[in-house]
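Structural description and commentary
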Amino acid sequence: MALLPLVLTTWGLAHHIYFDRSDVPDLEPFIRFELSTIGKVYDARGAVLVELAREYRQVVSYEEVPPVLRHAILAAEDKNFFAHSGVDYRALPRVLYKAAISSVGAWWNGDGFRLHLPQGGSTLTQQLVRGYFLRDRWSRENSATLFRDNLTWRLFSAGAGARTTNKLFRKLEEVRLALWLEEEMRRRFGSREQAKREIFARSASFNYLGNGRYGFAAGSEYYFDKPLSSYTMEDAGKAALLAGIAKAPRDYLPVPGNARPLRRRNEILALMARNGYIPANLAKRLQAEPVRVAKVTNNPVKTQAPAAIDTVFDELRRHGAGRFGVEDLFQGRILVHATVDQRVQTIVNEALETGLALYEKRHPQAKGLIQGSVVVLRNADAAILAEAGGRNFYENRYARYSDFNRATGALRQAGSAWKPLVYLAAFRQGLKLDTTVPDEPIAVRMGADRPVKWIANYDKEFRGPIPMRQALAESRNAVAVWITREIGLNRVIRASRELGIRTPLQPYITTALGASEVRLLELAGAYRAMASGILAQPYIIDRVTGASGEVFYEAARTALEFDSRHLNLIQEGLRGVVRIPEGTAHSLYGRDFPIPVMGKTGTTSEFRDALFVGSTYGPQGVTVAVRIGFDDNRTLGDRETGGRAALPIFREIMLRTYQLELLGAAPSFPREIEDGIDQYLLEKQSR
């Protein structure tokens, strides 16, 4: 009678494990193997801009796992995998022996006599069940709180403790589900052999291999820069290293010079040779080799367009409206098709680095500290073709998609790059390119109880009465202030709002000189509108689709033409900045730069920022905005103007983009614009 409770308990456990199939998980997601996959952002031509995931995983079939890696996994974890039914009973004596030794050892050390369950002994099927179906229970089993509060669990806990009880019953459930899984997979796939292959493939795709990599395919590419398809028997050492990681990634990551992964690899190689998977002499030769891994950076996210990806995130949050978001991208549930052209992006990145290197050559003390940002917009609809929010290598580390995006996040003064908005507002009030304006000392009030400020030009000189087009070309500060005072600052602000400037502007006359802070993307958008005559907000997401191709979002194709009666005047004025010899961008006019452009330099007070924003003509053209400066707003140095520091970057981007015909041929300016400038230059020469 005393044995009856023990017999009944044993029978109950055996029945539960071998016959009870109630409350088993839904098998369908496992059959489909629904795991977090890699979300991708594509450029305008279908090339991958970036791959993003919470878990970097590659799912493989059994056939895609090379034989040498299969053998390494079986040798390391479960050599009888294809012979058992989910549980390897031949390992039971070893497990019981380890449990007895551990328990007696703990008692001998004064910890009391409690059952201690050892690690190991699980089959590949059990490991997969534990990680896929019992993940939550496995992660919480070391809690002092029992999973279940019933008589059986409390009785076990009284003798073994809560943690051991949790672990024991998790192990029993693991065995039950492993047997169930193999039965169901055999029924679904028609044969034991095929069921085993399917389970093995899921195990090979599921295991965590450290550094955010899941599955042996992702692990191989990360640690060895080697696809599984290229493995031969000579790669048994690499296969053994990968197979060894799965047991304890924290301990067995393949780090050169670390003895633990080396020892684990050599043990697995020895097992592979003992099991007849590889020749003994090959195992011995590979055991003598050091651990070698591919050179990897600390940043698993590789992209040439980190700032563009940052803007993609912003637009996902803005357009998702509860239907999709950034997390859906990380989980691979959506795909993003961006407007970025990766070819143009590469040119932008290289041109920015070249321009910053030229600045550093003039100022060696700024090496690695000077920053810059670039935006390239398509004139027709304001699509972002490229975006650089900073340099690739800054303060001794590589930029990431999550780093600060200076193209959209930095509020900095526009300097003289703001003046075209003043001139556009003036043209709307009846002034013309050849209207004579005074370039002479002018004072502005700085506020109550403060002295007035006398506006000076960059060259500290005044020209006297000059045509507006000449004043714009030479970027005369006094003229810009005079015009603003004549027409009213509110009209300048109104014009800027119409062209897409959304940042609040200071209601002071110095805003005419770019004293208000704006984002580079906004400034690029305003110039794009002036170059094309089309109103549109910059955007970077062309469409968002589901994994099956269904369209969740598509960018609006609406673009409005704004009042173009005075558009040709500002276009001719900005073309004059390039063509007129005294123009601040005249270096862009000549045989060495055959691309017809218009644009404007910008230099802020005390040379803190240098800008150049320019465009090719009309809806078929593009607009490029460049800003150079320090993040702490220190001065760039004397004479570091927009024409010197920023314009060369613009020049390289335009030259390479059009020389490679990435955007078609550079559009020509209308004959009436070029003729207007020709006529002015002829009259100027004759005076």
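Up top is the structure these notes are about.
These lines cover the structure that appears in this document, whether it is placed above or below. All of these numbers come straight from a predicted model, not from anything done at the bench. (Residues numbered from 1 in each chain as written. Predicted model: local features only at pLDDT ≥ 70, side-chain atom pairs only at ≥ 80, totals over all residues. Heavy atoms only, no water.)

**Some points on the packing of helix H3 (residues 67–77) against helix H13 (residues 259–274)**
Taken N-terminus to C-terminus, the directions of H3 and H13 make an angle of 100 degrees; their axes are 9 Å apart at the nearest point. Taken as axis vectors, H3 and H13 run roughly perpendicular relative to one another. Counting all contacts with H3, which are made through Val68, His71, Ala72, Ala75, Ala76 and Glu77, the residues of H13 involved are Arg264, Ile268, Leu271 and Met272. Residues belonging to the contact of H3 with H13 are distributed by class as follows: 7 nonpolar, 1 polar and 2 charged. (Axes fitted to C-alpha atoms, helices over the stretch in contact; angles between N-to-C directions. Helix = DSSP H or I, 4+ residues; strand = E, 2+ residues; numbered from the N terminus. Parallel < 35°, antiparallel > 145°, perpendicular 65-115°, else oblique. Contact = heavy atoms within 4.5 Å. Nonpolar A, V, L, I, M, F, W, Y, C, P; charged D, E, K, R; others polar.)

**Looking at the sheet that holds strand S22 (residues 622–629)**
If you walk across this open sheet you meet the 5 strands as S7-S6-S22-S21-S20, and the pairing is antiparallel. The two strands at the open ends of the sheet, each matched to only one other strand, are strand S7 (384–388) and strand S20 (598–603). With strand direction ignored, the average angle separating the axes of adjacent strands in the sheet is 5 degrees. For strand S6 (residues 371–378) and S22, the ladder comprises 8 bridges, and the chain directions are antiparallel. When the bridges of S22 are listed, Gly372 appears paired with Ile628. (Pairing = 2+ DSSP bridges.)

**Structural notes on the pairing of strand S18 (residues 551–554)**
Along any regular strand, the residues point their side chains to alternate faces of the sheet. In terms of strand pairing, strand S17 (residues 541–546) meets S18 through 3 bridges, oriented antiparallel. Considered in S18, the bridge of Thr545 is made with Val551. Between S17 and S18, which follow one another and run antiparallel, lie 4 residues, and Gly549 among them has a positive phi close to 100 degrees.

**Remarks on the sheet that holds strand S1 (residues 39–42)**
Read from one edge to the other, the open sheet built from 5 strands follows the order S2-S1-S5-S17-S18, with strand pairing classed as mixed. The open sheet has two edge strands, strand S2 (48–52) and S18, and neither has a second partner. Between one strand axis and the next, the sheet turns through 15 degrees on average, direction left out of account. Bridge analysis of S1 against strand S5 (residues 334–338) gives 2 bridges, and the strand direction is parallel. The residue of S5 that forms the bridge with Tyr42 is His337.

**Some points on the side chain of Arg130**
Within the secondary structure, Arg130 is located in helix H5 (residues 124–132). A polar side-chain atom of Arg130 sits 2.9 Å from a polar atom in the side chain of Glu174. (Polar contact = N/O pair within 3.5 Å; in protein donor to acceptor, adjacent residues only side chain to side chain.)

**Thoughts on unusual backbone geometry**
The backbone of Asp23 sits at a positive phi, close to 60 degrees, despite the residue not being glycine. Summarising the element assignment, Asp23 is placed in the loop between helix H1 (4–18) and helix H2 (28–32). Among the residues examined, Asp23 registers a relative accessible area of 75% and is labelled exposed. The phi dihedral of Asn633 is positive, around 70 degrees, even though this residue is not glycine. For Asn633, the position within the fold is in the loop between S22 and helix H24 (642–659). (Buried < 20%, exposed > 50% of the residue type's maximum accessible area, 1.4 Å probe, protein only.)

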